[in-house]
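Listed below, chain by chain, are the residues.
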Amino acid sequence: MKKWRTKNGYHIYRVLTGRSNAYLVSYGRKNILVDTGTSNNYQRLLKGIGSIITHRERIDMVVLTHTHFDHCQNASRFRRDQGSIILASSYESVCTKEGFTPIPRGTLPYSKIISRVGRLLGSRFFGYPHFSIDIEVEDKYAFNDFDMNLRIVSTPGHSAGSISLIVDNEIALVGDAMFGIFNNSILPPFADDKQKMFESWKKLYATGCRLFLPGHGNIIDKKLLRSQIYKIN
Ligand SMILES: [Zn+2]
């Protein structure tokens, strides 16, 4: 399992990978899960988490970088089984109450076709068990009552309510604001608003983080992000 550690001892584990990534952020006895994958992967996700946290611990909070089905299909299960608090953007709260967040537009020729088909298939194929968001965030959120050096920044573009979690000012968990599956490109194949997403890349670069962990694929470093920002200007 891939893992990272910040200078101050925050651990990040990639507890699920394949179709989409989920990450566990651990510090002391607090555990935050970032994204939850699809229902098919629930057991695999629990196994990944169980190999790290002790029986006495639980997932205190689920942070959803956004609410597309492949990131949030298990969110309501964590609340039901572990009493986890769910944090996500207020811009997506209408969708989560319905259990469906529309598929964004394609950014590349092939993904434009997939997006059109996906939009036609709709919630029957790309829905999820509906849930309400306990902590609705907009642009920023500091985890003051959590006693952890974490913060949320809004990084819209892929979806209106895409957010990123900044861990200890070093590592950013960015959801689908960037993709780690192509060589030398971080452009997500889907985005509601490409220009906004490019602005979000600049915002993430400005956080000073050295690493960016995406919702799909491998890690993106500061140098690659800088080169991509340079390319769009
Ligand atoms: Zn997405």
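Computed from a prediction, not measured in an experiment: that's the story for all the values here.

Trainee: Let's hear about the sheet that holds strand 3 (residues 22-27): which residues, and what values?
Mentor: The sheet built from 7 strands is open, its strands ordered 1-2-3-4-5-6-7 with mixed pairing. Single-partner strands in this sheet number two, and they are strand 1 (3-5) and strand 7 (135-137). Strand-to-strand twist across the sheet, computed as the mean angle between neighbouring axes with direction ignored, equals 20 degrees. Sheet analysis places strand 4 (residues 30-34) next to strand 5 (residues 61-63), joined by 3 bridges and oriented parallel. Pairing of isoleucine 32 across the sheet is with methionine 61, part of strand 5. Contacting strand 2 (11-16) and strand 3, helix 1 (residues 42-50) crosses the sheet at an angle of about 150 degrees to strand 2.

Trainee: Describe in detail the nonpolar core, supporting the description with residues and values.
Mentor: Among the nonpolar cores identified, the biggest contains 55 residues, and Tyr23, Val25, Val34, Val62 and Phe212 are the most heavily contacted of them. Tallying contributions element by element places strand 3 first for this core, with 5 residues. Contacts of valine 25, omitting those with residues within four sequence positions, involve Tyr10, Ile12, Ile32, Val34 and Val167.

Trainee: Can you break down the packing of helix 7 (residues 194-206) against helix 8 (residues 222-232) residue by residue, with the values?
Mentor: Two numbers describe how helix 7 lies on helix 8: the axes approach to 10 Å, and their chain directions differ by 140 degrees. Taken together, the axes of helix 7 and helix 8 lie oblique to each other. Judged by the twist between their axes, the crossing of helix 7 over helix 8 is left-handed. Judged by residue contacts, Phe198, Trp201, Lys202, Leu204 and Tyr205 of helix 7 engage Leu225, Arg226, Gln228, Ile229 and Ile232 from helix 8. Classifying every residue of the contact of helix 7 with helix 8 by side-chain character gives 7 nonpolar, 1 polar and 2 charged.

Conventions adopted
- Residue positions are given per chain, counting from 1 as you read along its sequence in written order.
- Restriction of local features to residues with pLDDT of at least 70 applies here, the model being predicted, together with a cutoff of 80 or more for giving and counting side-chain atom pairs; totals for whole chains, interfaces and linings are based on all residues.
- At least two bridges found by DSSP between two strands are what make those strands a pair.
- Numbering of helices and strands runs from the N terminus; a helix is a DSSP stretch of H or I covering at least four residues, while a strand is a stretch of E covering at least two.
- Lines fitted to C-alpha atoms define the axes, with helix axes restricted to the stretch in contact, and inter-axis angles between N-to-C directions lie between 0 and 180 degrees.
- The contact rule is simple: place each C-beta atom from the backbone, and if two of them lie within 7 Å, those residues are in contact.
- Remark: nonpolar core denotes a set of buried Ala, Val, Leu, Ile, Met, Phe, Trp, Tyr and Cys residues whose joining runs through C-beta atoms within 7 Å.
- Buried, partly exposed and exposed are defined by the number of other C-beta atoms within 10 Å of a residue's own C-beta, namely 20 or more, between the two limits, and 12 or fewer respectively, with C-beta atoms placed from the backbone.
- Each angle receives one of four descriptions, namely roughly parallel if under 35 degrees, roughly antiparallel if over 145, roughly perpendicular if within 65 to 115, and oblique otherwise.
- For any helix crossing, the convention is left-handed if the near helix is rotated counterclockwise from the far helix by under a right angle, and right-handed if that rotation is clockwise.
- Classes in brief: Ala, Val, Leu, Ile, Met, Phe, Trp, Tyr, Cys and Pro nonpolar; Asp, Glu, Lys and Arg charged; the others, Gly included, polar.

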